[in-house]
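# A look at the structure
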Number of protein chains: 2
Amino acid sequence: MFKTYWNEKLQLVEAELAQIIPQKSALSSTLCEAMNYSLMAGGKRLRPVLLIAAADAVGGEGDSFVKSACAIEMIHTYSLIHDDLPAMDNDDYRRGKLTNHKVYGDGMAVLAGDALLTMAFEVLCSQKNVNAENRLRVVREMSFSAGPNGMVGGQAIDLLSENKRIDMKTLKQMHEAKTGALFCAAIRSGAILANATDREVDALTIYAEKFGLAFQITDDILDVIGSAEKIGKPVGSDERNHKSTYVTLTSLAEAKKMAAEAVEDALHSLDIFGSQADFLRSIVQYLESRDK
Amino acid sequence: MFKTYWNEKLQLVEAELAQIIPQKSALSSTLCEAMNYSLMAGGKRLRPVLLIAAADAVGGEGDSFVKSACAIEMIHTYSLIHDDLPAMDNDDYRRGKLTNHKVYGDGMAVLAGDALLTMAFEVLCSQKNVNAENRLRVVREMSFSAGPNGMVGGQAIDLLSENKRIDMKTLKQMHEAKTGALFCAAIRSGAILANATDREVDALTIYAEKFGLAFQITDDILDVIGSAEKIGKPVGSDERNHKSTYVTLTSLAEAKKMAAEAVEDALHSLDIFGSQADFLRSIVQYLESRDK
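Computed from a prediction, not measured in an experiment: that's the story for all the values here.

## Points about the relation of the copies chain A and chain B
Between the two copies, chain A and chain B, the superposition gives an RMSD of 0.0 Å; the rotation angle is 180° and the shift along the axis is 0.0 Å. When the rotation and shift are considered jointly, the pair of chain copies conforms to a two-fold rotation axis. Among all residues of chain A, the one whose C-alpha sits closest to the rotation axis is Ala132 of chain A, at a distance of 2.8 Å. Here 100% of the interface residues in chain A have copies in chain B that are interface residues too; the copies meet face to matching face.

## Remarks on the packing of aromatic side chains
The geometry of an aromatic ring pair is captured by two quantities: the separation of the ring centres and the angle between the planes. Scanning the entire structure with this criterion turns up 21 aromatic pairs over all chains. Each residue in the set Phe2, Tyr5, Trp6, Phe279 and Tyr286 of chain A is aromatic and connected to the rest through ring pairs, giving one cluster. For Lys9 of chain A, the ring lying beneath its charged end belongs to Tyr5 of chain A, and the centroid distance is 4.8 Å. A cation over a ring is seen here: Arg290 of chain B above Phe215 of chain B, with NZ or CZ 4.8 Å from the ring centre.

## Re a positive patch on the surface
Residue and element names in this part refer to chain A. A contiguous patch of positive charge on the surface is contributed by Lys3, Lys44, Arg95 and Lys292. The topology assignment puts Lys3 in helix α1 (residues 2-18). In this structure Lys3 comes out as exposed when scored by relative accessible area, which is 52%.

## Looking at the interface of chain A and chain B
A common way to state how big an interface is: give the accessible area lost once the parts meet. Each partner contributes residues to the interface: chain A has 47 residues there, and chain B has 47 residues. When chain A packs against chain B, the two sides together hide about 4,000 Å² of surface, and 78% of this comes from carbon and sulfur. Connecting chain A to chain B are zero salt bridges. Taken together, the residues of the side of chain A that touches chain B sort by class into 28 nonpolar, 13 polar and six charged.

## Describing the nonpolar core
In terms of nonpolar packing, the biggest core is built from 202 residues, with Phe211 and Ile283 of chain A together with Phe211 and Ile283 of chain B touching the most fellow members. The residues contacting Ile283 of chain A, other than those within four sequence positions of it, are Phe2, Trp6, Leu46, Leu50, Tyr207 and Phe211 of chain A. Counting 11 residues, the second-largest nonpolar core is a separate cluster that includes Ile217, Ile221, Tyr246 and Ala259 of chain B.

## Here's the deal with the pattern of salt bridges
Here the structure, examined in full by the defined rule, presents 26 salt bridges over all chains. A single salt-bridge network, built from bridges that share partners, covers Glu8, Lys9 and Asp63 of chain A.

## Notes on the packing of helix α3 (residues 46-57) of chain B against helix α4 (residues 66-84) of chain B
Residue and element names in this part refer to chain B. Between α3 and α4, the least distance of the axes is 8 Å, while the angle of their chain directions is 150°. One element, α3, and the other, α4, form an angle in the roughly antiparallel class. In terms of crossing hand, the pair formed by α3 and α4 is right-handed. Listed contacts from α4 to Arg47, Pro48, Leu51 and Ile52 of α3 are Ser68, Ala69, Ile72, Glu73 and His76. Classifying every residue of the contact of α3 with α4 by side-chain character gives five nonpolar, two polar and two charged.

## Observations concerning the environment of Thr30 of chain A
Secondary-structure assignment places Thr30 of chain A in helix α2 (residues 29-39). The class of Thr30 of chain A is partly exposed, set by a relative accessible area of 26%. Note: C-alpha distance between Thr30 of chain A and Lys44 of chain A (14 residues apart in sequence) is 26 Å. Sequence-distant contacts of Thr30 of chain A, defined by excluding residues within four places in its chain, comprise Tyr104 and Met108 of chain A together with Leu160 of chain B.

## Observations concerning unusual backbone geometry
Notably, Asn195 of chain A is not glycine yet its phi reads approximately 60°, a positive angle. Exposure remark for Asn195 of chain A: the relative accessible area of 58% places this residue in the exposed category.

## Some words on the side chain of Asp114 of chain B
Along the chain, the position of Asp114 of chain B falls in helix α6 (residues 106-125). Buried and without a salt bridge, Asp114 of chain B has Lys178 of chain A as its closest oppositely charged side chain, separated by 12 Å. Only 2.8 Å separates the side chain of Asp114 of chain B from the side chain of His82 of chain A, close enough to count as a polar contact. Contacts of Asp114 of chain B, omitting those with residues within four sequence positions, involve Tyr78, His82, Asp114, Leu117 and Val152 of chain A together with His82 of chain B.

## Section: the packing of α6 of chain B against helix α7 (residues 132-146) of chain B
Residue and element names in this part refer to chain B. Contact geometry for α6 and α7: axes closest at 9 Å, N-to-C directions at 160°. Comparing the axis directions of α6 and α7 gives the class roughly antiparallel. The two elements α6 and α7 cross, and the hand of that crossing is right-handed. The segment α6 lies against α7, with Phe121, Leu124 and Cys125 engaging Arg135, Val138, Val139, Met142 and Ser143. Of the residues in the contact of α6 with α7, the class split is six nonpolar, one polar and one charged.

What counts as what
Sequence order sets the numbering: in each chain, residues are counted from 1 along the sequence as written. Labels follow written order: the first chain is A, the first ligand is 1, and so on. This being a predicted model, a pLDDT of at least 70 is required before a residue's local features are given, and a value of 80 or more before pairs of side-chain atoms are given or counted; all residues contribute to the totals for chains, interfaces and linings. Processing note: side-chain calculations cover all non-hydrogen atoms of the structure and skip hydrogens and water entirely. Fitting of the copies onto one another was done by least squares over C-alpha atoms, counting residues only where both copies have pLDDT of at least 70. What makes two residues a contact is simply this: any of their non-hydrogen atoms within 4.5 Å. Working definition: a ring pair exists when centres of Phe, Tyr or Trp rings (six-membered ring for Trp) sit within 6.5 Å. Plane angles under 30 degrees give stacked, over 60 give edge-to-face, the rest tilted. Whether a charge lies above a ring is judged from NZ of Lys or CZ of Arg, which has to be within 6 Å of the ring centre and within 35 degrees of the ring normal. Within this analysis, patches are made of residues with over 30% relative accessible area and no salt bridge. Like charges are joined at 9 Å or less; nonpolar side chains (Val, Leu, Ile, Met, Phe, Trp, Tyr) at 5 Å or less. All accessible areas in this document rest on Shrake-Rupley with a 1.4 Å probe, and a residue is counted as covered only by the protein chains that are shown. Whenever Lys or Arg places a side-chain nitrogen within 4 Å of a carboxyl oxygen from Asp or Glu, that contact is recorded as a salt bridge. The convention is simple: Lys and Arg are positive, Asp and Glu are negative, and His and the chain ends are not counted. Lys charges are placed at NZ, Arg charges at CZ, Asp charges at CG and Glu charges at CD. For the purposes of this entry, the term helix denotes a DSSP run of H or I that reaches at least four residues, the term strand denotes a run of E that reaches at least two, and both are numbered from the N terminus. The cut-offs for exposure are 20% and 50% of the maximum accessible area for each residue type, with area from a 1.4 Å probe on protein chains only; residues under the lower value are buried, those over the upper are exposed, and the others partly exposed. The term buried area means the drop in 1.4 Å probe accessible area that two parts suffer when joined, counted for both and summed. Residue classes follow a fixed rule: Ala, Val, Leu, Ile, Met, Phe, Trp, Tyr, Cys and Pro count as nonpolar, while Asp, Glu, Lys and Arg count as charged, and any other residue, Gly among them, counts as polar. Here, nonpolar core refers to any group of buried Ala, Val, Leu, Ile, Met, Phe, Trp, Tyr and Cys residues whose side-chain atoms link them within 4.5 Å. To get an axis, fit a line to the C-alpha atoms, keeping to the stretch in contact for a helix; angles then go from 0 to 180 degrees between the N-to-C directions. The labels follow the angle: roughly parallel below 35 degrees, roughly antiparallel above 145, roughly perpendicular from 65 to 115, and oblique for the rest. Two helices that cross are described as forming a left-handed crossing if the nearer one is turned anticlockwise from the farther one by less than a right angle, and a right-handed crossing if clockwise. For the purposes of these results, a polar contact is taken to be a pair of N or O atoms within 3.5 Å, where, inside protein, one atom must be able to donate a hydrogen and its partner to accept one; residues adjacent in sequence count only when each atom of the pair is a side-chain atom.

Next up, the structure:
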């Protein structure tokens, strides 16, 4: 049931994403091609699926908010394009495909990222079945979470920490901002779009924070115990790159314990919800067992 | 009266901009410093002043929309930071100061631009004295105008036209997107925030288009007849760089005629407004006479 739900939502999101970037009337077809290249490069579509699932959890019709779900995937995709630039992580491959700037050049990759971020807000405005008040709340959620107090702030910490050992406090702060904030925006936005009560939004906010933590710790664990083929990078690369992670700063056993606690806390935060939140329960448990 | 109005609005905008970027509670003080470095680098503040003036023109209280005015300046500033990057125009100086990436490095400059763009939408949401419907319309105006169908689309055309002669049609299309669209968003947003009628918004849209055209043509003329000191770059640099402009594609005399016509059309579009639109009348006439 868990995999079926995910697959169903993933297909819904893929179909919507596939026709979201203007093609024919476009000013620059190269720009649109570059945007689509990264937007349609696959992936788990975790953030849009979480947005839809959060709406379902509070009794809304999650599928009807697919446009907002796509908007958050556009923001996530832009951040990957800019993160891969030579000026940042300088990565040549992502998910086995050449990175955006390797195909379109650095300048066009900067613009493709800029365009995806900007257009995400236009797409949010087009979520017609929601009143203006709630749509505006979602614009605020996403702009706050993706901005200097959220994702970009986390990327700045990351950039400035390159080749430096950082402590556990900084590591947590960096991940909460760089990855956690956008998970939080996805989940809170889904709830807001579905007219959740404040109590429901609060509960889901805790869920989102614990989800983000579990996601990052298990990501660090996978770097040590995963299969290179499945995770798409050599095993143990964090250690070799002197990267501070939940595993390098504690131990594999301690990291596993922390992940289990985060999953436990996330599940507990969902106590006020009935079976409509089952997907959210399954997906945070899946994080612990995943192999990629 | 014209200069007094401009100065007054400029000071209002400067004061608001000066306290818009989070400082103390910030995740990364370097990121905030980089954002502020470019945001507070001066300039004519044309876009925010136009937003306020458009609100005044339709009988609103322009000053009360200063937050939205700042948001559009943040979008403009981000576009300059990314435009100056080595991957794009590779400029070392802007307005006599080192460009963002020359001070903070390429990676941080990418992030500072990203953060300013993202935060602009958060600032738009904070425009409390306007109903959600109109605030959302402004989010749409700005995201559409700054995205792949507007500013970023124009920058893509520009990037792909480097060292190429382009024709008049492409030149117009590029400028309408790269510069015109954001002028249009500023002016339309000011009108929308002040509850303008559709007829008023339509008239101001024509004004904005003609304003953008007059701005660009006079910019190209200044490159030929301006003083190097005042315009901040060597006279005649467009010609030497084989850049297609309104002057190089026609002649100085023809460009002057086109500019005069655009100003005339802009003035005509304001016929339905009374003296409240006098600043808009003066500022488009000023374009023709400016020396920087």
